Amino acid sequence: MAASMEEEMSIVQKAGANLVSERPVFSPDSRYLLCCCGHVVKVLSVASGECVRELTGHKDFITGVKISPHNQFQAFSSSRDKTVKVWDYPDGKLLKTFSLGSPVHALYLLKEEEDAGYAVIRGKDGIFNLVRFSWANKKGHTCKVQTTEVLRSVSRHEKHLAFGPEGSFTASVTRNKLTVLFTKDGKVKEYERPRNEFQCVACHPTDACIATGMQDGKIFLWRGLLQDKEVVRTIYHWHTLPVGDLTFSPEGTHLLSVGQECVLVLWQYNTEKKDFLPRMGAPLCYVTSSPDGSLLAVSQVENVVQIVTRSNKVVQVFQGLTRVHIPQLIQSTNPVPTGLLRDPRSHTLVMNGRPGHLQWYNIHTDRHLYNLDIVWQNFVSSRRPWEAPAVIYTEIERAAFDQQGDWLATLERRADGMMAEEIKLKFWRFNKENQSFELNTTVDCPHQGKVNALIFQPHSGADLPPTAVSAGHDGKFKIWTLIDDTDIYRENVCWTCDSVGMYRDHAAQDAAFSEDGSLLAVAFGQSLTIWDPYTIDLKTTFCHTFCTEKDSIRQVLFGQGSCSHYLVTATSSHLSVWNLLSCSLLWTVSCECSVMVADPLSDHMAVFSSTSDLTVFKPSSPDPVYTHNKVVSTSVVAAIFFPKQDQRVEEQKDEATWQKQSQLHFMTYDQDLLTLQKSAPQQTRKDIVEMALFEQNLPPTPFSMYLSQVRPGQKEVSSHLVQQGTPGSTAVQQMLQTPAHVLPPVSTLCQSFLQTLLISKSSTERQDVEEMESESDVEDNGNQSGTSDSEMEEDASTSKQSTGQSEKDLLSHDQTSHQLDSERTHIEETETLSNVKTSDLSWMKRIF
Amino acid sequence: MMGEFRLHDVRFFRYMPKAIHSIAHEGTTNRVAVSRSDGSIEIYSISDNWFQEKIICGDAGRSVEAMVWVGQRLFSAGLHGDIIEYDMSKLVPKYAVDSYGGAVWCMAANNTQSSIAVGSEDGCVRLFEVTEEELTYSRAFKKQEERILSLAWHESGEVLVTGSCDNIRVWDVATGLPTLRIKVERLVRTRETIVWCVAILRDFTIISGDSLGKTRFWNGKHGTLIQSHHCHKADVLCMCVSKDETLVWTAGVDPKIIRFEKVAGKDDSSRATWVRHNVANRHTHDVRALVMTGEYVVSGGVSMNLVAMPVGKVGKQSRNILPFPQRRLVHVAQTAGMLLFQYQTRLELWRLGSTAVVSGVPDGRLPINQDPVLLLDLKTKNMQQIVCSAVGGCGSWVAYSDVQHVRLFHLPKDEGVKVKVQRVRCLPVDLQPAHHMMFTHDASGLVIATNQGTVQFLHVDTVHPVLVHTFVPPKSVTRPSTISALTVSSDSQWIAAAHLDGSVHVYNVQARKHQCSLPKHASPVSALTFHPTRPWLMAVHASQQLFEFDVVECQYTDWSRTVQREGLHPEWLKRTEVVTQVVYNPANPTQILLQDQRMFCILDKDKNLPKARSHFYNREKLMKMDPAGREGARHAFAICRGYRALLHLSFLQDGAELVSVERPIKAVTDKLPPTLSQKRFGT
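Residues numbered from 1 in each chain as written. Chains lettered and ligands numbered in written order. Predicted model: local features only at pLDDT ≥ 70, side-chain atom pairs only at ≥ 80, totals over all residues. Heavy atoms only, no water.

## Details of the overall build of chain A
Then, in step 1: The helix and strand inventory of chain A stands at eight helices and 57 strands.
Then, in step 2: Relative to its full complement of 848 residues, chain A shows a buried share of 54%.
Then, in step 3: Across chain A, contacts joining residues at least 24 apart in sequence account for 47% of those joining residues at least 6 apart.
Then, in step 4: Here chain A displays about 38400 Å² of accessible surface, and carbon together with sulfur accounts for 52% of that area. (Helix = DSSP H or I, 4+ residues; strand = E, 2+ residues; numbered from the N terminus. Buried < 20%, exposed > 50% of the residue type's maximum accessible area, 1.4 Å probe, protein only. Contact = heavy atoms within 4.5 Å. Areas by Shrake-Rupley, 256 points an atom, 1.4 Å probe, with all protein chains shown as cover.)

Okay, structure coming up:
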């Protein structure tokens, strides 16, 4: 395959960044939270929950962010691109760049040293060292700084190192050892725990006290370090699983610890009292306290950061793309077994989320919408390593949407190696009233063993019942159709197995429908069989005789658009294209293919090899459209061509031709959702839009704080509706202008005020009578009152919802569906009542 | 080979030890006095490998709640309202002084040991002056409402701190008036908080432990709370402070022993804080007493065993001392196959079971065709506690002694199961109460170690027993100390008595004179025995040393010299248990049986002694080795471990049968009251 490299495209992360890769940090006024998200630092508003600023400029993953202890408007960020950058984070301006010469893995700033910082870098011998770098006497925007080694062989994680009060000592933990380096005399003390592993370390802000979290769940408090006597070690043991992170409250009265138990534990310092915040939902990995101690940021491994007040109330949730964290999937080759799907109804990305859940993620707005519980099992935190057997979770292995998005099919499987496998195929129907999927049919054990494919048949004709195909490791593929299940009690439909097909006794590896749904291709071993989906007639068979014996077909895809008569198959060593019209092999190339996806809007296809090489091609020709070697260092586990949101506003002329209509997104083994983009990003959509938002998010008064929460909701309304003006606004104005002490009692004002509200209505009536005499009064009256009422409601509901959103918790399923619901009904209304609206405009003009 | 024995594994000795109530430490000779719930007091010598030197028998009407050492003098007080001083050589109360305030809850001596403060039921602290001869009442402090449950002296002797219900009071000793009253909070308004223990440090820091489970540190000058640690789940009953006052231990109803340590601040200006250090879980039940001895923290309570934890991190081993007396509670009538069990206030005589099977597999069980029979159950008069007892070899004589009298019983041979008991009434008047006693092998004489430190030989007769002679230690010894071990040779010619000062005197019965004394060894003798045929005396010391002495030649035997020359194996010397019994195998006198509470050992004099560098294999390890290497690794000590509480092991008449009496610890702990129920994770 000749490399026809048009131009170099860069790998960028547009949505679904990992918020919890590093410990977040609060701004000194506790209004913002700075999170490392891939290559950018996000400045999140604690009050509104919005991302107000993205600090872009690093060329590799950011490993830490810190607020300068001397200038509260400056933030330092370290990255693997060998630099430390200084930002003016409220304005998003890059102030300075320090080049350290090797990738920076952790960054620490001390209050005592104004022009120096500490960083963990990898030395030449591959050992991580703590170094000090100073920028005193360094002028200029970008400068190279010298590093001096402070402590050798430390761990590269930020939580494995801590500085004592006033920088008096440095505590570093590696595997089994705690090393304390005293700044004053350079003395080093080491404490070993041969049978236990250190997980994290924290230092008390005022006392000479080190807290370490251990593998077996114990927390050790080391004191008396400055004495010549034996160190005093106090054990606090509540956690059963390894301690995730530790931190002291800024005033030093509490020690906070988190772990995989999904519980935040608050230990009162030096007494035996402890307090809990249980049921956090997912294993916790980081905890940070705001500088004033009023708020805590708790990071969950699911890519959620929760803001908790000291009264144990969750006040804000920053939810990113939910990351799969259960051990059985992380340790497998593919942490996202469902792959990346697109919900045709909401145009969102759907994939595995929390354990036993599917998640809906809006890739354009970078917002998590909701999780749908598929398996209906509570999450149980994992057991201690020595307590066999480990907890086995039921995981969703396949999911598919039909063409309209009315039906969702999911397949869940639980195999613990002892009991028989539990496999369930579930069909979910979209309920328009609730705006959510509801379970329709559950099929127990649809196949013996693994199910390799689950797809819906695309419909060309509308009157056909929906059909789905599942292909299993037991050598069968089953066709499921919707039948009537109405009885005397209710009307219902349900899914049933219509027919079963098999070919010799090979395992069915994959199945695919042609674009119009008229052909079904099922891969059995080395043979590719083409079936008529309506009659289950075997039409033809293609045999991969050029492949070796064990080389069975892994994936089958039909071409799209102008290439719809081509069929692409991928084995572990070959990529072949068959022409369905001539029933012959068109071309084949030797290529190790692990992930293959087709663009639904064009005839392009993309293939990722197991070494993460990307090739984009058209089935019609073996010449690649685009190739990119080694997209990522790890493997690519899933990919999707996602249609672009706004086709009309296509001013991105510099986009590659094959990405004109849809963008290729792919997920790596580390669960980073990446995409390809031509040239470096100038300014992302966010930065332009959020400029104004940022102003709003700086609430100078309590009243304006209220405004900032309301306004987004109002905006949304105005985009759909014509602004109507407030009835009776003049009366209100009058009332507000009059000094309060000369106002008559409210009871007397009330009537006249209500009348002002009524006047507008009567005037519209008059207007209507004057202008449109053909329409009857009664009908118009009804219509009019109907619209105004509904609009008022609409207004209230949206504004209420947006305040609710900015104010608080999870973007729950209900809420989002409510939002969808309201939007949808809204659109419908605007359409049906458009004629009335035009008439409404006239009276409004007259008033103003 | 160790030889093949048929073993009677006896487990029907239902001896029930008693709970520990208080512990007191004596600094100059490093001894610990431990009182139990039956009023008995045990004296342990820490420097002699925790050898249990003395047992002062209790009395039904006497309770010991607090003990105080003044020099070598021991005072105790309890709920009966008397303060008692004990005669430490006779092991009996010397005199009692009324506390004038009812039940005594606590007692403490000041730093100069000139006066003792007693806190009693009526709410008064009373001072008693310690004089050469007696304890004299001095004065009473101002009365308070609540009973005084705990008190502590300040080092200066001018300030006293007491703990009672809801209150901690600081007293001026000179005026007898309270200078400060600290009120302790209540958890429930109607339930008073009891301050179970208090301590005051040199810098006037008061430490209190209360029924809420809180350990609190107070400023004793202003009465302000410095720190409060809620570490215990239930009442804190006792505490102790180290000499340098940087360490504090507390313990209580939840059987945890928690160590607090004073940690200096970052610099000199900042205040030192008390920090919880580590938690020890050594007891299953309430810990009632906690004492710091310098190198050990000694604790005891309802779980009955005495636990000594070393303070430093390295060096000393932690000790768990079983609640059974380190002396003979079981006596064997060798020819008759009978066992005499000595309980606190009664005696039981059992006939052993027997089997018809001749041989079985090693470590296997033989079927019993005749069950053991209880022949006699003898209760003492007025529930007097038994000091010692003995049974004749033929099983027809039984003797015991309480603190006042020796009593002798004759059991005439009868064919039936029923046993008739005849008390021999007309004992000689100058027969003194015994600490140890033993019948001669033909049961014609009874050898008694009296509480005066002398040995008396009584000719046993049903009608008219005659006191043959009283053997007094040689003149050089002015005041004979208490006898710790006694033995008589099988031909009844020699009597050996070991005293607590380490001396061993051998008396010739026929010549009625002192034969010789063994060279004095620093540590006391814990077990003594004579060779069955030769005039050799085997003495085992608390320091694990062994000596064999020829009493005729007045010199050590050749084997003993060899042992001393080569030295004992360090593993043997490192053992924590004291040998309580030593016996020669009557069938093969080259074998010596040594027994302590957790193991027994057969020492074969014909075999090579283990080299100091070589491995010291015990029997289990040897059995696991392959036969080729086994012979090379074999040595003179054949040790059999695995016993939890071995009370007795000895040969029967012919030397082919052994009797072991074991008291399973589980059977003892099952009888204890329920513990504080605590939630354990994962249950």
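## Some details on the overall build of chain B
Then, in step 1: In terms of helices and strands, chain B carries five helices and 55 strands.
Then, in step 2: A compact globule built from 683 residues would reach a C-alpha radius of gyration of about 26 Å, and chain B, at 27 Å, matches this within 12%.
Then, in step 3: For chain B, the spread of C-alpha atoms along the principal axes amounts to about 75 × 65 × 50 Å.
Then, in step 4: Taking all contacts inside chain B whose residues are at least 6 apart in sequence as the whole, residues at least 24 apart take part in 49%.
Then, in step 5: Each charge sign in chain B was given a centre, from 79 positive and 67 negative side chains, and these centres are 4 Å apart. (Rg over C-alpha atoms; globule rule 2.2 N^0.38 Å. Lys, Arg positive; Asp, Glu negative; His and termini not counted. Charge placed at Lys NZ, Arg CZ, Asp CG, Glu CD.)

## Quick look at the side chain of A:Lys159
All names here are of chain A.
Then, in step 1: Locating Lys159 in the fold gives a position in the loop between strand S14 (147–151) and strand S15 (161–163).
Then, in step 2: Only 2.8 Å separates the side chain of Lys159 from the backbone oxygen of Gly244, close enough to count as a polar contact.
Then, in step 3: Not counting the four nearest positions on each side in its chain, Lys159 is found in contact with Arg23, Gln199, Cys200, Val201, Gly244, Asp245, Cys285 and Tyr286. (Polar contact = N/O pair within 3.5 Å; in protein donor to acceptor, adjacent residues only side chain to side chain.)

## Notes on the confidence of the model for chain B
Then, in step 1: For chain B, per-residue confidence averages 89 on the pLDDT scale, and 98% of positions sit at 70 or higher.
Then, in step 2: Highest mean pLDDT in chain B belongs to strand S18 (residues 195–200) of chain B (96); lowest belongs to helix H4 (residues 627–633) of chain B (71). (pLDDT = per-residue confidence, 0-100.)

## Quick look at the side chain of B:Asp87
All names here are of chain B.
Then, in step 1: When you line up the elements, Asp87 lands in strand S8 (residues 82–87).
Then, in step 2: It turns out Asp87 is buried and unbridged, and the closest side chain with the opposite charge, Lys90, is 5.0 Å from it.
Then, in step 3: In this structure the side chain of Asp87 is engaged in a polar contact, spanning 3.0 Å, whose partner is the backbone nitrogen of Ser89.
Then, in step 4: Engagement of the side chain of Asp87 in a polar contact is seen with the backbone nitrogen of Lys90, the distance being 3.1 Å.
Then, in step 5: Once residues within four sequence positions are removed from consideration, Asp87 is found in contact with Val92, Pro93 and Lys94. (Salt bridge = Lys/Arg side-chain N within 4 Å of Asp/Glu carboxyl O.)

## What about the packing of aromatic side chains?
Then, in step 1: One pass over the structure, following the stated rule, counts 52 aromatic pairs over all chains.
Then, in step 2: Ring geometry for A:Trp587 versus A:Phe617: centroids 5.8 Å apart, planes at 85°, classification edge-to-face. One end of the pair, A:Trp587, is in strand S50 (residues 584–590); the other, A:Phe617, is in strand S53 (residues 614–617), with 30 residues separating them in the sequence.
Then, in step 3: By relative accessible area, which is 8% here, A:Trp587 ends up buried.
Then, in step 4: For the ring pair B:Phe217 and B:Trp274, a centre distance of 4.9 Å and an interplane angle of 15° mean the geometry is stacked. With B:Phe217 in strand S20 (residues 215–219) and B:Trp274 in strand S25 (residues 273–280), this residue pair connects regions lying 57 residues apart in the sequence. One exposure class covers both B:Phe217 and B:Trp274, and it is buried.
Then, in step 5: The cationic tip of A:Lys159 hangs over the ring face of A:Tyr286; the distance from NZ or CZ to the ring centre is 5.4 Å.
Then, in step 6: Note that B:Arg575 overlies the ring of B:Trp572, its terminal NZ or CZ placed 4.2 Å from the centroid. (Phe/Tyr/Trp six-rings, centres within 6.5 Å; stacked < 30°, edge-to-face > 60°. Lys NZ or Arg CZ within 6 Å of the ring centre and 35° of its normal.)

## Details of the pattern of salt bridges
Residue and element names in this part refer to chain B.
Then, in step 1: All told, the structure shown has 51 salt bridges over all chains when counted by the stated rule.
Then, in step 2: Between Arg31 and Glu53 there is a salt bridge, with the nearest N and O atoms lying 2.6 Å from each other. Of this pair, Arg31 sits in strand S3 (residues 31–36) while Glu53 sits in strand S5 (residues 51–56); the two residues are 22 residues apart in sequence, bridging distant segments of the chain.
Then, in step 3: With a shortest N-O distance of 3.0 Å, Arg147 and Glu121 are connected by a salt bridge. Pair noted here: Arg147 is in the loop between strand S13 (135–140) and strand S14 (148–153) and Glu121 is in the loop between strand S11 (115–120) and strand S12 (125–130), with a separation of 26 residues, a long-range link.
Then, in step 4: Its relative accessible area of 33% is what places Arg147 among the partly exposed residues.
Then, in step 5: In the salt-bridge network here, residues are joined through shared partners; they are Glu185, Asp210, Lys214 and Arg216.

## Let's talk about the interface of chain B and chain A
Then, in step 1: Contact residues are listed per partner, giving 20 residues for chain B and 21 residues for chain A.
Then, in step 2: Of the roughly 1600 Å² buried between chain B and chain A, counting both surfaces, carbon and sulfur atoms make up 47%.
Then, in step 3: Summed over the three residues of chain B that lose the most area to chain A, namely B:Lys266, B:Arg276 and B:His277, the buried surface amounts to 37% of that side.
Then, in step 4: The interface formed by chain B and chain A contains two salt bridges.
Then, in step 5: Ionic pairing is found between A:Lys229 and B:Glu261, a salt bridge with its closest N-O pair at 3.7 Å. (Buried area = accessible area lost by both parts, 1.4 Å probe.)

## Side note on the sheet that holds strand S52 (residues 600–604) of chain B
All names here are of chain B.
Then, in step 1: The strand order across the open sheet formed by four strands is S50-S51-S52-S53, and the pairing between neighbours is antiparallel. Both outer strands of the open sheet, strand S50 (581–584) and strand S53 (637–640), are each paired with one neighbouring strand and no more. Averaged over all pairs of adjacent strands, the angle between their axes in this sheet comes to 20°, without regard to strand direction.
Then, in step 2: Summarising the sheet, S52 and S53 pair through four bridges and their orientation is antiparallel. (Pairing = 2+ DSSP bridges. Axes fitted to C-alpha atoms, helices over the stretch in contact; angles between N-to-C directions.)

## Here's the deal with the pairing of S20(B)
Residue and element names in this part refer to chain B.
Then, in step 1: For S20, a buried count of four out of five residues is recorded, marking the element as mostly surrounded by other parts of the structure.
Then, in step 2: Relative to S20, strand S19 (residues 205–210) runs antiparallel, the two sharing five bridges. The residue bridging Gly209 from the neighbouring strand is Thr215, located in S20.
Then, in step 3: Hairpin remark: S19 followed by S20, antiparallel, with four residues in the connecting loop; positive phi at Gly213, about 90°.
Then, in step 4: As paired elements, S20 and strand S21 (residues 224–229) share five bridges and run antiparallel to each other.

## A short note on the confidence of the model for chain A
Residue and element names in this part refer to chain A.
Then, in step 1: Summary statistics for chain A give a mean pLDDT of 81 and a share of 81% for residues scoring 70 or more.
Then, in step 2: Counting contacts from residues 1–6, a segment whose pLDDT is below 50, to residues more than four positions away or on other chains yields 12 contacts.
Then, in step 3: In the model, residues 827–848 has pLDDT below 50 throughout and makes 23 contacts with residues more than four positions away in sequence or in other chains.

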